[in-house]
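Residue-level structural notes
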Amino acid sequence: MSSSFLFNQFMGGLTTAMFLFLIASGLSLVFGVMRVINFAHGSFYMIGAYLAWQVVDWVHPTGGEFWIAAIGAALGVGLLGAVTERVFFRTLYGREELYQLLFTYALVLILGDAAKFLWGVGQLSVSTPPVLSGSVTMFGTTQPLYTLFIIAIGPAIAFALWLGLNRTGTGRMVRAAQMDREMLAALGANVSIIYTGMFALSAFLAGLSGALVTPIQSIVPGMDVLIIVQAFIVVVIGGMGSLWGTFWGSVIYGQVLSFGILILPGFSLFSVFALMAVILIVRPWGLFGRPL
Amino acid sequence: MLEISDISKSFAGFRAVSGVSLTVDTQQITAVIGPNGAGKSTLFNLISGQLRPDAGSVRLDGQDITGVPPHRICRMGIGRSFQRTNIFPQLTVFENVQAAFLVHHGHGRDFWARAEALYRDDTAALLAAVGLAGHEDTIAGTLAYGNQKQLELGIALASEPKVLLLDEPTAGMSASETHETIALIERIARERRLTLLFTEHDMAVVFSIAQQIAVMHQGRIIADGSPTAVRADPEVRRVYLGERP
Amino acid sequence: MNATVAAPAPPSRAAAAAPAEYRTVASRIPWVLIVFVIMATVPWVGTRYDTFLAGQIVIDALFAVSLNLLLGTTGLVSFGHVAYFGVGAYVCGILMKTYELPFIVAFPAAGLGAALFALISGYFCVRLIKLYFAMLTLAFSQIVWAVAYKWNDVTGGDQGLPEIPYPDLDWMSAIPGCADLSDGARFYLLSLVLVAVSLAVVHRIVRSPFGRVLTTVRDNPDRAAFLGVNVRLYQLAAFVIAGGLAGLAGALYGIFSRGVFTDYVFWSKSAEILIMTILGGAGFFWGPPVGAAVLVWLNQIVTDYTQYWSFVLGAILLVLLFGFPGGIVGGIVMLWRRLKRLRNA
């Protein structure tokens, strides 16, 4: 096993990790503030991918269409998230968590079929933006530029989120809402705007990651279901509600998946779920989370 | 009957209860009073097994029950009511008390009998004793607050406790409700020969029925004795009334 | 820690405890017996396809009732109940196909195997609070799925175990009227009887003191501890019983569908059963079977017209959540009560 092969695996793991981080960060955010697991998060991701393809389809190839598509998709999904929260989710807040969870699952069902209806059941794809379509030699391996871009964007977004949460007034309120929302409401803060905002932001991130994944993966029905389970695992490992937990959880997950195949071929599927179970048994709030 | 020795409990550095010792004699009515945050609820949680003390011991009738989990402490004879009403909201009033009887008499492992047929007379009698006759089929969660408190008392009594811990039994009640509740509690304690340990904020209640009063402040007991002695205690006056010694 | 009951119980739960009058009226009409007889006549009265649907309903009913032992009775929300269904299906399938053991051995073995797995996984799950409990049940269920997917030698991997044989049902020719029935129809009748017996047992358990204790654990675990209930032990017991029953349902399903495949163990099936349970009404014993019947029947109708069954299911779920949290049975009960009030007014 040469070092270049290992490096390749490592980079593959990192790419997976950063994609997952982009998706899971939204899931973790919503959980931290609203204490709800959004099953539909994977659906937002999928809609983001489809929307990106759609925008590219509308905007005749002019060279910069990928970036327009990515932002457009992210904004579109963000809007979808905001509307969903305002119109539906809001009425479920007082109720039992099970109902909220089932609502998000109903969204999964509805959005899944909506996507099939709008875009059919075939595979769609989007080409890599020309500015990133080359590759670079590193450590004896060829790394596509797009991969490096994704690996770079992960920490960038993590940092941006961290800045937002820790250095702005809004961020402070969000963190307060994470700890004690009743108190925050009592203090007069507009908690409902925070909720809508957080949900919209999380949807935005999911949509963005869906859009960004299109050059690497084909857009197919079922990608929502496949991704949400992985996002869960990541969030459990890192700690629900913790930004850096999600980040490092993604990194760990990415590498376990990447190297697990080498050590125990055929067991990587099993090992990620086993890892999730072990974390829940031993330290349910994850590596960086706080006991609820 | 109940002997608490030098018990302490800290939460992340904050000493909630610190070196508390208290003896409650059989069939005596003892009140634990003190300002909010004095550690009264924590003390109760330590006695009833919800929390393990960091140090010290609790003895019931000579037997060491320190750190024993709640479901076993209950069987040893300690019953408890809680500050915020703790009943089974989806069951009917009747089923609430009946469940207590079922568990107390060890029927929990019975997979075959029909639960609704057991202990019907006992349940009806106890409901009447706590003043809830006529409410049997009401769903407990829809009861008025005062009635829920009565139900809670009923559930606690069904387990035939020797010692009853009551955490602010008259919280949130009007003056007349308080009077009724206290009369009820006192009568029941007498009839069933219970040892009573309760916390209260209503001083009229405390001084009317307590035979022994323990005053807590910042996790410690600062006075312990008869009502007259406690009333005159300078430390107590300082804490409650801000008087200079 | 302490439960606050200042607000009245949410509608689904308030509907759960049926008022005294409802009980006496319902007990005058032997609904259950009537339904059982109707179900039993399907092989003669209906088409082969009807028998297939009826079988699906019967097995799903058992599966959903087992879930409701956790959800409605004990208050445990499991997202991974399909794990035990799957274990049961695979154990029975493997024993009957690979080892050629008779049904009478494989069937109980499936239940025991599922119960054993429930014991091990449940031991860890009940230690966790609500949310983590749900996640861990999901994790275990996906572990079962991953094992089924990869362990080619034993489970057939992603190809599964096709062609599970029917049990030897020749003895049924002796029963009047059954001589002309196909193997499928005979197995349906056998399943109907087995499920009916299982449901009767669960019904007994739920109405027993043990079942009553479970409801106290559901309503207020801290208070239940204060009655003298070892809460974790009871939750684990409920988990094991529910798991075993799900395993039995799985065993029946494997034979009924003539094969055991990995998509039986995917978590979306857990969601389906959860929806079935809530659709029927989690607060009632017969809610889940009603939900099973309605969902299977609806699925049939809808998939005849459109491929967008998921959309319809999602829409139904939304209507349920926002309009009828008590489910179908809950809605019927409320309607009945309202009529009764009008009549008395």
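Thresholds applied
- Residues numbered from 1 in each chain as written.
- Chains lettered and ligands numbered in written order.
- Predicted model: local features only at pLDDT ≥ 70, side-chain atom pairs only at ≥ 80, totals over all residues.
- Helix = DSSP H or I, 4+ residues; strand = E, 2+ residues; numbered from the N terminus.
- Rg over C-alpha atoms; globule rule 2.2 N^0.38 Å.
- Buried ≥ 20, exposed ≤ 12 C-beta atoms within 10 Å, placed from the backbone.
- Contact = placed C-beta atoms within 7 Å.
- Pairing = 2+ DSSP bridges.
- Axes fitted to C-alpha atoms, helices over the stretch in contact; angles between N-to-C directions.
- Nonpolar A, V, L, I, M, F, W, Y, C, P; charged D, E, K, R; others polar.
- Parallel < 35°, antiparallel > 145°, perpendicular 65-115°, else oblique.
- Left-handed = near helix turned anticlockwise from the far one by under 90°.
- pLDDT = per-residue confidence, 0-100.

1. Some words on the overall build of chain B
Helix and strand counts for chain B stand at 9 helices and 10 strands. A compact globule built from 245 residues would reach a C-alpha radius of gyration of about 18 Å, and chain B, at 18 Å, matches this within 12%. Projected onto the principal axes, the alpha-carbon positions of chain B cover approximately 65 × 40 × 30 Å. For chain B, the residues scored as buried account for 47% of the 245 residues in total.

2. Notes on the overall build of chain C
Of the regular secondary structure elements, chain C holds 16 helices and 2 strands. For chain C, the C-alpha radius of gyration of 20 Å lies close to 20 Å, the compact-globule estimate for 345 residues. Oriented by its inertia axes, the alpha-carbon framework of chain C measures out at about 60 × 45 × 40 Å. Considering chain C as a whole, with its 345 residues, one finds that 55% of them fall into the buried category. Put simply, of all contacts in chain C between residues at least 6 apart along the chain, 77% involve residues at least 24 apart.

3. With respect to the arrangement of the chains
Looking at the 2 pairs of chains with contacts, the pair that accumulates the most is chains B and C. Across the gap from chain A to chain B, with no contact made, the nearest C-alpha atoms are 14 Å apart.

4. A few points about the sheet that holds strand β6 (residues 78-81) of chain B
Residues and elements named next belong to chain B. Spatial ordering of the open sheet is given by β6-β7-β8-β3-β9-β10, a layout of 6 strands whose pairing is mixed. Here the strands that pair on one side only, and so sit at the sheet edges, are β6 and β10 (220-225). In this sheet, adjacent strand axes meet at a mean angle of 15° when their direction is disregarded. Summarising the sheet, strand β3 (residues 29-33) and strand β9 (residues 212-217) pair through 4 bridges and their orientation is parallel. Bridging across to β9, T30 finds its partner in Q212. Here helix α5 (residues 145-158) sits on the sheet and contacts β6 and β7 (163-167); the angle it forms with β6, its principal contact strand, is near 170°.

5. Comments concerning the interface of chain C and chain B
Accessible area lost when the parts come together is the quantity often used to give the size of an interface. Taken together, the contact between chain C and chain B spans 33 residues of the former and 37 residues of the latter. The element best represented in the side of chain C that touches chain B is helix α10 (residues 209-219) of chain C, accounting for 8 residues.

6. Regarding the interface of chain A and chain C
On the chain C side, the residues contacting the 31 residues of chain A number 30 residues. Of the residues in the side of chain A that touches chain C, the class split is 24 nonpolar, 3 polar and 4 charged.

7. Focus on the environment of L101 of chain A
Residue and element names in this part refer to chain A. Relative to the helices and strands, L101 resides in helix α4 (residues 97-119). With 21 C-beta atoms packed within 10 Å, L101 lands in the buried category. C-alpha separation for the pair L101 and T170, spaced 69 residues apart in sequence, amounts to 27 Å. Excluding residues within four positions of it along the chain, L101 makes contact with I37 and F39.

8. Digging into the environment of A114 of chain A
As for its position among the elements, A114 of chain A is in helix α4. Along the backbone, A114 of chain A and L269 of chain A are 155 residues apart, and their C-alpha atoms lie at a distance of 29 Å.

9. A closer look at the packing of helix α4 (residues 48-73) of chain C against helix α12 (residues 231-256) of chain C
Residue and element names in this part refer to chain C. The interhelical angle for the contact between α4 and α12, taken along N-to-C directions, is 165°, at an axis separation of 9 Å. On the basis of the axis angle, α4 is roughly antiparallel to α12. In this structure, the crossing between α4 and α12 has a hand that is left-handed. Contacts between α4 and α12 involve G55, I59, L62, F63, S66, L67, L69, L70 and T73 from the former and A238, F239, I241, A242, L245, A246, L248, A249, L252, Y253 and F256 from the latter. Its residues assigned to classes, the contact of α4 with α12 comprises 17 nonpolar, 3 polar and no charged.

10. Digging into the sheet that holds strand β4 (residues 55-60) of chain B
Residues and elements named next belong to chain B. Spatially, β2-β1-β4-β5 is the arrangement adopted by the 4 strands of the open sheet, whose pairing is antiparallel. Of all the strands in the sheet, just β2 (14-24) and β5 (63-64) have a single pairing partner and so form its edges. Here strand β1 (residues 2-11) runs beside β4; their pairing, made up of 5 bridges, is antiparallel. Among the inter-strand pairings, E3 is bridged to a residue of β4, identified as R59.

11. Some points on unusual backbone geometry
The phi angle at R35 of chain A is positive, at roughly 55°, despite the residue not being glycine. On the basis of neighbour count, R35 of chain A is assigned to the partly exposed category, with 15 C-beta atoms found within 10 Å. Backbone geometry at Y119 of chain B places phi at a positive 55°, although glycine is not the residue there. Along the chain, Y119 of chain B falls in the loop between α3 (93-104) and α4 (120-129). Note on Y119 of chain B: 22 C-beta atoms within 10 Å, which makes it buried.

12. Notes on the environment of R52 of chain B
Residue position: R52 of chain B is located in the loop between α1 (40-47) and β4. Considering only alpha carbons, one finds R52 of chain B and S8 of chain B, 44 residues apart in sequence, at a separation of 9.3 Å.

13. Topic: the packing of helix α1 (residues 3-34) of chain A against helix α8 (residues 191-213) of chain A
Residues and elements named next belong to chain A. Following both chains from N to C, one finds α1 and α8 inclined at 170°, their axes separated by 8 Å at the closest point. Here α1 lies roughly antiparallel to α8, going by the angle between them. As α1 runs across α8, the sense of the crossing is left-handed. Here F19, L22, I23, S25, G26, L27, L29, V30, V33 and M34 of α1 come into contact with α8, specifically with I194, Y195, M198, F199, L201, S202, A203, L205, A206, L208, S209 and V213. Taken together, the residues that form the contact of α1 with α8 break down as 18 nonpolar, 4 polar and no charged.

14. Examining the pairing of β6 of chain B
Residues and elements named next belong to chain B. A two-sided burial pattern is seen for β6, the buried positions comprising I78 and R80 on one face and G79 and S81 on the other. For β6 and β7, the ladder comprises 4 bridges, and the chain directions are parallel. When the sheet's bridge partners are listed, S81 is paired in β7 with L166.

15. Some words on the confidence of the model for chain C
Residues and elements named next belong to chain C. Mean pLDDT over chain C: 87, with 92% of residues reaching 70 or higher. Across chain C, the element-wise mean pLDDT spans from 40 in helix α1 (residues 11-14) up to 96 in α12. When the criterion is pLDDT under 50, residues 1-22 qualifies, and its contacts beyond four places in sequence or with other chains add up to 56 contacts. Confidence metrics for the complex model read pTM 0.88 and ipTM 0.86.

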